[in-house]
Amino acid sequence: MKKRNVKFYLAIYFKIISQDIKSKLSYRVDFIISTMGILFTNIAGFITFWIIFKNFDNINDWNYYEILFLYGFSLMALTPTQCLFDNNWNLRDYVYSGDFIKYCFRPIDLYFYYISEIFDLKGIGEFMMGVGIIVYAWINLKYSVTILGILALIVMWIAASLVMAGIMNIAAATCFWMNNSGYVMVTVFKFTEYTKYPIDIFNKGFRIFFSFIIPIAFVTYYPSMVVLNSHNLPILTIIAPIFSVLFFYISYRIWMFGASRYNGTGT
Amino acid sequence: MKKYLVLIRTGIMDKLNFRVSLIVTFVGNIIYLITIYFLWKAIYLSSGKETVNGMTFNDTMIYLVLATALFNMMEIFLVWYMGNQVRSGKIVFDLIKPIKFGLYMFFGQLGEVVVNFVVIFLPTVVIVYIVTGGGILAGKNILLFFVAMILAFIINYCINMLVAALCLFTESSWGINIMKEVIVSVLSGKSIPLAFFPNSIKSIVELLPFQAVYNTPLTMLINNNLSVENYVKMFGMQILWLMVLLCGAVWFWKYSLRRVTINGG
Amino acid sequence: MEIIELINVKREFKILNRREGIAGGIKDLFSRDYRYLSAVDDISLKIKKGEIVGYLGPNGAGKSTTIKMMTGILEPTSGKVLVNGKEPYRNRIENAQDIGVVFGQRSQLWWSLPLKESFKVLKEIYQVSDKDYKDMLDLYMSLIDIKNLWDKPVRQMSLGQRTLSDILAAFLHNPSVVYLDEPTIGLDVSMKSKIQEFIKGLNSQKATTIILTTHDMGDVDALCNRIVIIDKGKKLYDDNIENLHKMFGMYRIMKICFSKDVGELDYDSLKDKAAELEKELQENFSGDDMTVSVDEGWIDILMNEEDVSLMEVMNFIQSKQHIYNIKLEEISTEKVIKKIYEGGTIL
């Protein structure tokens with residue numbers, strides 16, 4: 001028996017994903033409608049944002065392009081959760097109907113097996129839009145382009161994505177404890193809309209809340225500072241990569257704990 | 001009539017069974033409202049102006065708080081439900097019940113909305129009233145608001161029913177639902193008061209049915225300088241859209257069912 | 001050698017009492033009231049390698065709880081479960097490597113992938129070597145025709161094809177134990193027997209131990225050498241089917257028809273007649289477990305020949321009414337099981 005290491009899991013993951021994408025592409029109507037849905041959401045978000053800036057020219061001394069950058073970054077940070085962790089949205093139904101049990105008999109990590117089942121292509125449109133907005137904002141902000149800057153942005157993007165996935169892990173895992181956790185997911189997901197705004201509009205209490213309780217500030221604001229405020233990095237930006245790994249791991253443990261508890265109730 | 005009362009009762013009981021969801025929705029809303037409070041406070045502070053587009057910071061907050069409460073009260077998951085039923089094939093069981101599907105869903109939803117009104121909307125109005133020291137008028141406008149709210153609920157239901165019928169044709173209910181939600185939430189004035197919209201857009205949005213869902217009842221509740229002419233115009237708009245959408249929804253539902261049954265689903 | 005061993009296994013659950021009505025719903029918002037339920041109550045069991053065991057019991061008897069403990073996703077409240085000498089819940093993943101599980105109506109395969117692609121993924125997950133994989137597929141081909149399934153995505157399969165695919169997938173890594181939960185539920189007769197033959201073939205070729213839970217006595221008769229019956233968490237019976245029949249060997253079913261044309265009798269009047277007859281028989285004969293039921297125009301009388309004489313019963317009925325036709329039958333496994341469930345006695 002070979003050891004089940006990262007390589008083993010990656011091999012399985014790519015096997016499943018490549019097959020899944022192949023078969024998904026044969027359902028083109030669904031793909032097009034879903035992608036349109038995602039683009040609609042983002043265009044609407046953009047309109048909201050544009051209307052605000054039609055009436056006011058800055059928010060807390062953040063100008064239009066800086067806020068736009070945050071907006072683009074948040075879209076990019078949401079994409080991996082959308083693409084790779086989408087099965088979390090179905091968790092409630094599986095648990096409620098008892099079908100969740102069918103995931104429990106494979107000799108691999110339960111969370112991995114569950115999450116790997118679905119790869120959601122429609123997030124790609126969102127990602128492209130995010131990249132487009134960031135490039136547009138970057139040009140208008142007249143920042144220089146350096147390899148180090150781009151590398152730092154990529155690292156921060158991964159960190160931000162991990163935090164976002166972690167938040168949704170925990171929100172989804174609530175269904176192991178309560179009946180109608182759909183509300184928890186919807187509610188938590190709504191907050192991500194507010195990741196787009198700079199954290200310094202809040203008072204101290206809520207800054208702490210959004211940094212450490214529901215850490216949406218780590219999804220956009222802190223990671224973005226690596227570009228927007230590169231000369232004076234906040235401490236939380238520096239620790240963001242470590243924080244994100246830790247946070248994701250904790251969310252994974254909570255999810256797994258919930259799963260074992262769920263089986264214990266015999267429903 | 002009795003069977004409809006039973007449906008409403010079932011809706012109420014379903015809702016009560018989910019105490020956690022009530023608590024979560026409540027806490028979620030509080031945090032959400034705090035977020036928009038800070039956001040708009042920052043916006044107003046940065047602008048250095050007291051009034052923008054005829055609305056002070058207080059006006060904007062009252063509007064947004066009540067819009068959120070109204071939205072939560074009237075939120076129905078019809079499209080989502082339809083999508084699931086169609087995908088699992090369980091829709092057949094709904095269709096063979098000896099009661100029209102549209103009415104069946106309507107009264108079930110009504111039950112939930114009644115609970116939502118008591119646990120979400122009413123407390124919000126009372127709190128806003130106390131906090132703002134009478135920021136909401138209490139007079140004949142309450143009555144008018146009620147009428148507008150009921151019309152708004154039916155309009156909202158018809159919009160949902162129209163979109164839900166689309167689910168009979170495609171399994172992509174997710175995409176359809178999210179598009180509907182986005183359109184309603186932007187064009188109804190739920191996210192940003194219509195007063196902030198640029199004039200050209202505003203004049204178009206005012207002709208659409210979506211603003212009749214949130215903007216109309218809220219304006220009646222909050223604004224104290226409405227002329228009789230304003231009321232007539234707003235109610236007229238609501239009733240007009242209600243009739244159009246009701247006929248549209250009934251027709252489209254029948255049409256879709258026929259199309260789908262002919263094709264054998 | 002024992003492959004599965006249950007030693008005084010017990011499992012309890014906490015259950016919420018919901019109150020009734022709207023007022024009850026409001027009360028539930030503020031206080032909750034729990035009770036405890038023993039789903040599995042002191043069960044001991046030994047299963048040898050290569051056995052096919054029918055694990056039977058009415059709904060809610062504790063079958064799936066036992067299966068959950070054997071598969072390692074649930075820990076007993078007390079007692080011990082051993083599979084291959086290890087406690088499965090202490091190491092779920094290690095145990096999972098060596099078992100296969102099938103739920104009749106919950107496909108574990110990837111919904112949108114063609115069967116062959118699902119198999120390739122499973123091959124990776126279970127780390128099956130190329131040779132073993134090929135051997136197993138060859139064995140499959142020799143037992144059953146799967147060509148028409150091979151390129152089909154699971155979502156396009158019929159229920160029968162889907163179940164068959166799930167069974168194929170469960171045996172793919174040559175596990176030592178396979179748990180089958182209602183594998184033939186909802187299937188037509190020909191698919192049922194096809195699946196039964198296939199399972200039997202695999203069991204004899206690979207000596208796979210099979211635990212089968214089902215409500216279908218056809219499955220039990222076709223597959224199981226041994227059955228275990230539980231109810232309310234307690235073990236009622238644990239032996240082979242022949243002994244079960246022997247135990248009820250003195251039971252006979254006398255089928256009586258009162259009319260020339262079976263079709264002209266309507267069900268309701270027959271039912272009334274049966275109830276009346278049951279009452280009369282119980283008054284006149286000592287056998288207290290005589291039951292009378294209706295079966296498509298015939299009236300079935302279940303009786304124990306140790307207690308009552310067949311001829312006496314027949315004469316008694318004849319004296320009241322003209323008998324047009326009469327048949328005698330051995331009791332079926334299904335009827336035996338039903339009697340055990342109803343009686344609830346430990347044999």
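Residues numbered from 1 in each chain as written. Chains lettered and ligands numbered in written order. Predicted model: local features only at pLDDT ≥ 70, side-chain atom pairs only at ≥ 80, totals over all residues. Heavy atoms only, no water.

A. Up close: the overall build of chain A. Across its full length, chain A holds 11 helices and two strands. Scanning chain A from its N terminus toward the C terminus, one meets helices and strands in the order α-α-β-β-α-α-α-α-α-α-α-α-α. For 267 residues, the compact-globule formula gives about 18 Å, and the C-alpha radius of gyration of chain A, at 19 Å, lands near that figure. Reported as C-alpha extents along the three principal axes, the dimensions of chain A are approximately 55 × 45 × 40 Å. Once local pairs closer than 6 in sequence are excluded, the contacts in chain A between residues at least 24 apart make up 77%. (Helix = DSSP H or I, 4+ residues; strand = E, 2+ residues; numbered from the N terminus. Rg over C-alpha atoms; globule rule 2.2 N^0.38 Å. Contact = heavy atoms within 4.5 Å.)

B. A look at helix α4 (residues 78-88) of chain B. Along α4(B), the residues classified as buried are L78(B), V79(B), M82(B), G83(B) and Q85(B). Phi turns positive, to about 80 degrees, at G89(B), one or two residues after α4(B). (Buried < 20%, exposed > 50% of the residue type's maximum accessible area, 1.4 Å probe, protein only.)

C. Structural context of the sheet that holds strand β12 (residues 298-304) of chain C. Residue and element names in this part refer to chain C. Read across the sheet, four strands follow the order β11-β12-β10-β13 without closing on themselves; strand pairing throughout is antiparallel. In the strand order of this sheet, the two ends are held by β11 (291-295) and β13 (325-330), each with one partner. The sheet shows a mean angle of 25 degrees between the axes of neighbouring strands, taken without regard to direction. Contacts from helix α11 (residues 267-284) reach β11 and β12, with the element oriented near 165 degrees to β11. (Pairing = 2+ DSSP bridges. Axes fitted to C-alpha atoms, helices over the stretch in contact; angles between N-to-C directions.)

D. Structural detail: the packing of aromatic side chains. Throughout the structure, instances matching the rule amount to 68 aromatic pairs over all chains. Pairing F106(B) with Y157(B) gives two aromatic rings, centres 5.0 Å apart and planes at 85 degrees, and the pair type is edge-to-face. Placement of the pair is F106(B) in helix α6 (residues 101-131) and Y157(B) in helix α7 (residues 140-166), with a sequence separation of 51 residues. The ring of Y96(A) is capped by R92(A), whose NZ or CZ atom sits 5.4 Å from the centre of that ring. In this arrangement the basic side chain of K190(B) is found over the ring face of F71(B), its NZ or CZ atom lying 4.1 Å from the centre. (Phe/Tyr/Trp six-rings, centres within 6.5 Å; stacked < 30°, edge-to-face > 60°. Lys NZ or Arg CZ within 6 Å of the ring centre and 35° of its normal.)

E. Highlighting the confidence of the model for chain B. Residue and element names in this part refer to chain B. On average, chain B scores 84 in pLDDT, and the residues at 70 or more come to 91%. Averaged over each element, pLDDT in chain B is lowest for helix α1 (residues 2-17) (67) and highest for α7 (91). As a predicted assembly, this complex carries a pTM of 0.79 together with an ipTM value of 0.80. (pLDDT = per-residue confidence, 0-100.)

F. Quick look at the environment of Y183(A). Structurally, Y183(A) can be placed in helix α8 (residues 182-191). The spacing of Y183(A) and M225(A) is 42 residues in sequence and 32 Å in space, taken between C-alpha atoms.

G. Seen up close, the state of the cysteines. Residue and element names in this part refer to chain B. Scanning the model with the defined rule gives zero disulfides over all chains in all. Of all cysteine sulfurs, the one in C158 lies closest to C167, which takes part in no disulfide; the gap is 16 Å. Note on C247: no disulfide assigned, nearest cysteine sulfur contributed by C158 at a separation of 9.0 Å. (Disulfide = S-S within 2.5 Å.)

H. Inspection of the confidence of the model for chain A at higher detail. Across chain A, pLDDT averages 87, with 96% of residues at or above 70. Within chain A, helix α7 (residues 147-173) of chain A carries the highest mean pLDDT (94), whereas α8(A) carries the lowest (80).

I. Summary view of the packing of helix α4 (residues 115-125) of chain C against helix α5 (residues 130-143) of chain C. All names here are of chain C. With their axes 11 Å apart at the nearest point, α4 and α5 run at an angle of 140 degrees to one another. As far as their axial angle goes, α5 and α4 are oblique. Between α4 and α5 the crossing geometry is right-handed. In contact with K116, F119, K120 and K123 of α4, α5 contributes D130, Y133, L137 and Y140. Within the contact of α4 with α5, the residues separate by chemical class into four nonpolar, no polar and four charged. (Parallel < 35°, antiparallel > 145°, perpendicular 65-115°, else oblique. Left-handed = near helix turned anticlockwise from the far one by under 90°. Nonpolar A, V, L, I, M, F, W, Y, C, P; charged D, E, K, R; others polar.)

J. Summary view of helix α8 (residues 173-187) of chain B. The terminal C-alpha atoms of α8(B) lie 21 Å apart, and with 15 residues this matches the ideal 21 Å at 1.5 Å per residue to within 8%. Looking at α8(B), one finds that the buried residues are S173(B), G175(B), I176(B), N177(B), M179(B), K180(B), V182(B), V184(B), S185(B) and V186(B). The secondary structure elements touched by the buried residues of α8(B) are α2 (28-55) of chain A together with α4 and α7 of chain B. Looking at the residues trailing α8(B), positive phi occurs at G189(B), about 80 degrees. (Expected span 1.5 Å × (residues − 1).)

K. Quick look at the interface of chain B and chain A. Contacts between chain B and chain A engage 44 residues on the former and 42 residues on the latter. Between chain B and chain A, roughly 3,700 Å² of surface is buried when both sides are summed, and carbon and sulfur atoms account for 78% of that area. Area buried by chain B at its contact with chain A is led by F38(B), L39(B) and M179(B), which between them contribute 15% of it. For the pair chain B and chain A, the interface holds zero salt bridges. (Buried area = accessible area lost by both parts, 1.4 Å probe. Salt bridge = Lys/Arg side-chain N within 4 Å of Asp/Glu carboxyl O.)

L. Broad picture of the pairing of strand β5 (residues 99-103) of chain C. Residues and elements named next belong to chain C. Of all five residues making up β5, five are buried, and the element is well covered by its neighbours. Neither face of β5 is open: one carries I99, V101 and F103, the other G100 and V102, and all of them are buried. Inspection of the sheet shows β5 paired to strand β6 (residues 177-181) by five bridges, in the parallel sense. Along β6, the bridge assignment pairs V102 with L180.

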